[in-house]
Amino acid sequence: MSAPVEEKTVEAPVDTEKSVNSDSTEEHHPRGQNVDIETTANSDGLYLVKDTDLGLKLAKDGSTVLIPQPSDDEEDPLNWSWLKKHKAFFALLLPSLLTDWGMTWGTTMFEAQAATWKMSVPDVARSTSGGIFLQGPGGILAVPLIQRYGRLPVLFWSQVLGCIMVIIATFSPSYACFTAFRTLQGFVATSPQVIGLSVVHDLFFFHERARKVNIWAFTFLFGAFFGPMMSSFLLSKISWELDMGVLAIWYGVSAILVAICGEETLYDRQNGVKPTAGASKISLLIGIAGWKSKGQSSLITVSKHLVSVGIKPQLLLPCLFILVLFTWAIGIVTTVTQFIRPPPYLLDDTQASLFYFAPIVGGIVGEFFGHFFNDFLANTYIKSHGGKYSPENRLWGAYVPCAFGIGAMVLYGQTLQKELPLVGLGAAWSMMVFAEVVSTTAVSAYLLDIFPHHAALASAWLNFWRTTGGFCVTYFQTQWVARSGAAVTFGVQAAIIAASFIFIIITQVMGRSWRLKFLPPAAEI
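Residues numbered from 1 in each chain as written. Predicted model: local features only at pLDDT ≥ 70, side-chain atom pairs only at ≥ 80, totals over all residues. Heavy atoms only, no water.

A. Layout of the overall build of the protein chain. Looking only at helices and strands, the protein chain has 22 helices and 2 strands in total. In terms of overall dimensions, the protein chain is globule-like: its C-alpha atoms have a radius of gyration of 23 Å, near the 24 Å expected for 525 residues. Once the C-alpha set of the protein chain is aligned to its principal axes, its extents read approximately 70 × 50 × 35 Å. For the protein chain, buried positions account for 63% of its 525 residues. In the protein chain, the proportion of contacts linking residues at least 24 apart, taken out of those at least 6 apart, comes to 79%. Positive and negative side-chain charges in the protein chain, numbering 35 and 38 respectively, have mean positions lying 3 Å apart. (Helix = DSSP H or I, 4+ residues; strand = E, 2+ residues; numbered from the N terminus. Rg over C-alpha atoms; globule rule 2.2 N^0.38 Å. Buried < 20%, exposed > 50% of the residue type's maximum accessible area, 1.4 Å probe, protein only. Contact = heavy atoms within 4.5 Å. Lys, Arg positive; Asp, Glu negative; His and termini not counted. Charge placed at Lys NZ, Arg CZ, Asp CG, Glu CD.)

This is the structure in structure tokens:
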């Protein structure tokens, strides 16, 4: 029997989360109506986070409002035990790690593949572009399936299909065939980057989410560097084909982990029921339980909502900042070996592998920083605003990473241009990854706050914009450096990051009025 949620029960709940996108107030609802507190808080676009007098269910501290208000149903994921919640969350992390890990794994093989296929290294490097690009559309197309059939089957099949695509790519007889299946790998294996916000929303209360979002974001960004480092170490001992085989094994292990630890977290909070309650684990995994369940939105409805959410200015503008930042960050990942292997640095396979510790350090520092900084921002605001919280406050968390991103690109370009010691490149790359982790957490937490009932939809658009710019960088990055010089190339990229930060500032100023004017679609379960 699941352990009850840690709470102090007082009077019946009102709905505090949907009101952040609403201009109406509602009366307190009597106990037993199972009202979703995320839907009806107050009329000024703020979360009511601290209160002891409105008859809401509270956390153990006796003052923090539980958002959303949990039902009395044992099947409600909010009522699961700490262990069950974190087991389900843990099952999400390796698939999330493998999304960017799986695509950047091959970035250390370009030189070996160029010899196999008798092509130039820059031409071979384009084998990753299609997969990176299709991570965006793949996430968008996964959303209706996530909302209709559940989180668990989409997560499971993404790992199974990813494994199959890598196996076929490994045995491909030509560059064209290899590239085609690597592209399909990016398309089918990206859904963990979309499911993550939904799972966090399903399992955790408002005051717990920022740290969980930070951990989830860290995993898929950390994988972009840990994967190539591992691949590079292996490449010094085995062929690139066997190296790809190891990646396939990782996908297989991930699928097994999802099968063992994964839980279906989709819950109908409007009606207080779990659509797939009582289903067997195998039927949940392969999607039969979700197909047979009733009450979820149809594929067509979710698709319409997806478009509606995607054009809201309160989502679009922060995502455009992420687009710019990640375009240049992905450019570093996909071209770095083309700078550190030739003169003046001349790194061999082992040295190139060790160089990937630089972004890993940046990612770890970013995770620890975000783990505490986002809660500090939230708690400071709540204390100074009478227990209320404005989602736009989350975006203050983007200021520090923007500064680090600008500094990283300038340092990277100057180090290459002036052939400064390699530590300059390492420091710059570390700073950029710090910027990626912290900015992604800030924007993701903001989108989850303003689209709580459309977490998968908001996450899909964030993932789309995050990956869209990066796919094309390999087509022009090295040529741009050769033509204009590294200092100019990366200096211009730094300036573009600085200019794009206006999107964050505008959203902070206009976000609340936009949320009251451009309301989200009807809530989905």
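B. Examining the packing of aromatic side chains more closely. One pass over the full model with this rule turns up 31 aromatic pairs. Judged by centre distance (4.7 Å) and plane angle (80°), the rings of Y399 and F501 are edge-to-face. Highlighted residues: Y399 in helix α17 (residues 399-417) and F501 in the loop between α21 (486-500) and α22 (502-517), separated in sequence by 102 residues. Taking relative accessible area as the criterion, F501 reaches 8% and is therefore assigned buried. Geometrically, the ring pair formed by F404 and F434 is tilted, given 4.6 Å between the ring centres and 40° between the ring planes. Of the two residues, F404 sits in helix α17 while F434 sits in helix α18 (residues 422-450), which places them 30 residues apart along the sequence. Given the relative accessible area of 6%, F434 is considered buried. Cluster of aromatic residues (ring-pair linked, three or more members): W101, W105, F218, F222, F226 and W250. (Phe/Tyr/Trp six-rings, centres within 6.5 Å; stacked < 30°, edge-to-face > 60°.)

C. Expanded view of the packing of helix α1 (residues 82-104) against helix α8 (residues 206-235). Here α1 crosses α8 at 40°, and the two axes come no closer than 7 Å. Regarding the angle of α1 to α8, the classification is oblique. Viewed along their axes, α1 and α8 form a crossing whose handedness is right-handed. Each residue belonging to the contact of α1 with α8 can be placed in one class, and the counts come to 14 nonpolar, 7 polar and 2 charged. (Axes fitted to C-alpha atoms, helices over the stretch in contact; angles between N-to-C directions. Parallel < 35°, antiparallel > 145°, perpendicular 65-115°, else oblique. Left-handed = near helix turned anticlockwise from the far one by under 90°. Nonpolar A, V, L, I, M, F, W, Y, C, P; charged D, E, K, R; others polar.)

D. Examining a nonpolar patch on the surface more closely. Where nonpolar side chains cluster on the molecular surface, the patch consists of W157, L161, I164, I168, I282, I286, I288 and W291 and spans about 710 Å² of accessible area. Breaking the nonpolar patch down by element, the ones donating at least two residues are α5 (151-170), α10 (281-286) and α11 (288-292). For the nonpolar patch, the element with the highest residue contribution is α5, accounting for 4 residues. Checked against the element boundaries, I164 lands in helix α5. By relative accessible area, which is 36% here, I164 ends up partly exposed. (Patch = residues over 30% accessible without salt bridge, like charges linked within 9 Å, V, L, I, M, F, W, Y side chains within 5 Å. Areas by Shrake-Rupley, 256 points an atom, 1.4 Å probe, with all protein chains shown as cover. Salt bridge = Lys/Arg side-chain N within 4 Å of Asp/Glu carboxyl O.)

E. View of α8. Here α8 spans 44 Å end to end across 30 residues, near enough to the 44 Å set by a 1.5 Å rise per residue. A large share of α8 lies buried, amounting to 23 of its 30 residues. (Expected span 1.5 Å × (residues − 1).)

F. Here's a closer look at the pattern of salt bridges. Going through the model one piece at a time under the given rule, you end up with 10 salt bridges. When the shortest N-O distance is used, the salt bridge between R269 and D76 registers 2.8 Å. Here the residue R269 occupies a position in the loop between α9 (240-261) and α10, and D76 occupies one in the loop between β1 (47-48) and α1, the gap between them amounting to 193 residues. Take R269: its relative accessible area is 10%, and that puts it in the buried class.

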